[in-house]
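Tertiary structure, described
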Amino acid sequence: MKLMLKYIKNFYIIYYSYKECRKYWFNNIFSIISTIIFISISYFMWSAVYSTNSSYFTTNLSSMITYVVIITIINFLVSCNIESDLGNRVISGNISIDLIRPINFFSYLLYKKIGNIVFNIIFSILPLVIIAIFVFKINTNIEVETLFYFIISIIITFFLVYIFEFIVGLASFFTNQIFGVSLLKSALVNILAGITIPLSYYPESLKYILFNLPFQAMYYIPVGIYTNFYDIKYSFIQLILNKIGLNNTIINLIIEQIIWLIIISILGFMCWSKAKKRLVIQGG
């Protein structure tokens, strides 16, 4: 009975978060418009680059456009801005109320963001996918099995991004500010996760660094599964998996995401335990 009540309580957090999002239609519309503008800018930029010297690139323009559109939509879907939410609660002092709620604070924020995700899938992602298919002509020729693993990868990506942003938000426990840290986080993720430029276009020396950081597991791997736009030879985890006899590239990419999820989760738990000890309530 207690377990059932717990699940009902969690469901209502998700449900009310979904209803809260429905109150801000204009915010949703402007978010879609800004995403379309970003995709359009990237589309024309890469079209101009390819028209200048297409022989330099290892993929054709259609594959590149598909990459840009898919990774932008994933970023729109899973980016939670948890660090801003958490930082504002610390700065305002509302964190003191959150910590005495009859639900774990980490889980509370998680369920709220799941409600946001459900709203985005229904009212934002579907329109973006339709526009991506009919306007930007992305490649939709993908096998059902690959699509299944792609969806699994996005789910893992959500938890990776959520925990990472939660860790970033914990900086507010020590600095009592979050705006600058949030901007730095966004800039680093855009560069290191392949959102701005695919990691395969970086110099060889940088690839061995970037392919062995958790950022590529957040965005680059799911897009790599969809577009087959991933080079495993730079990832030490992939090399180890191959040496122990695991040779299915897509499954190995999923395993790598899970490994990074475990590492990030352990780091998040350690940082959260330390941050609570340093908590100083401001303004409340």
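As shown above, the structure is provided for reference.
Residues numbered from 1 in each chain as written. Predicted model: local features only at pLDDT ≥ 70, side-chain atom pairs only at ≥ 80, totals over all residues. Heavy atoms only, no water.

1. Thoughts on the nonpolar core
- Residues Phe166 and Tyr219 are the most contacted members of the largest nonpolar core, which totals 78 residues.
- With residues up to four places along the chain from it excluded, the contact list for tyrosine 219 reads Ile71, Ile74, Asn75, Val78, Ser79, Val161, Val189, Ala193 and Ile195. (Core = buried A, V, L, I, M, F, W, Y, C linked by side-chain atoms within 4.5 Å. Buried < 20%, exposed > 50% of the residue type's maximum accessible area, 1.4 Å probe, protein only. Contact = heavy atoms within 4.5 Å.)

2. Examining helix 12 (residues 220-227)
- Across the 8 residues that make up helix 12, a large majority, 7, are buried.
- Tucked inside the fold, the buried residues of helix 12 contact helix 3 (61-78), helix 7 (144-169), helix 11 (214-218) and helix 14 (249-277).
- With its phi angle positive at about 55°, asparagine 228 sits one or two positions after the end of helix 12. (Helix = DSSP H or I, 4+ residues; strand = E, 2+ residues; numbered from the N terminus.)

3. A closer look at the packing of helix 7 against helix 14
- Between helix 7 and helix 14, the least distance of the axes is 9 Å, while the angle of their chain directions is 20°. Considering the angle they form, helix 7 stands roughly parallel to helix 14. Regarding helix 7 and helix 14, the two cross each other, and that crossing is left-handed.
- Looking at the contact of helix 7 with helix 14 residue by residue, the classes come out as 19 nonpolar, 6 polar and no charged. (Axes fitted to C-alpha atoms, helices over the stretch in contact; angles between N-to-C directions. Parallel < 35°, antiparallel > 145°, perpendicular 65-115°, else oblique. Left-handed = near helix turned anticlockwise from the far one by under 90°. Nonpolar A, V, L, I, M, F, W, Y, C, P; charged D, E, K, R; others polar.)

4. A look at unusual backbone geometry
- One non-glycine residue, lysine 137, adopts positive backbone phi at about 55°.
- Examined against the element boundaries, lysine 137 turns out to sit in the loop between helix 6 (105-134) and helix 7.
- The exposed category is assigned to lysine 137, whose relative accessible area is 57%.

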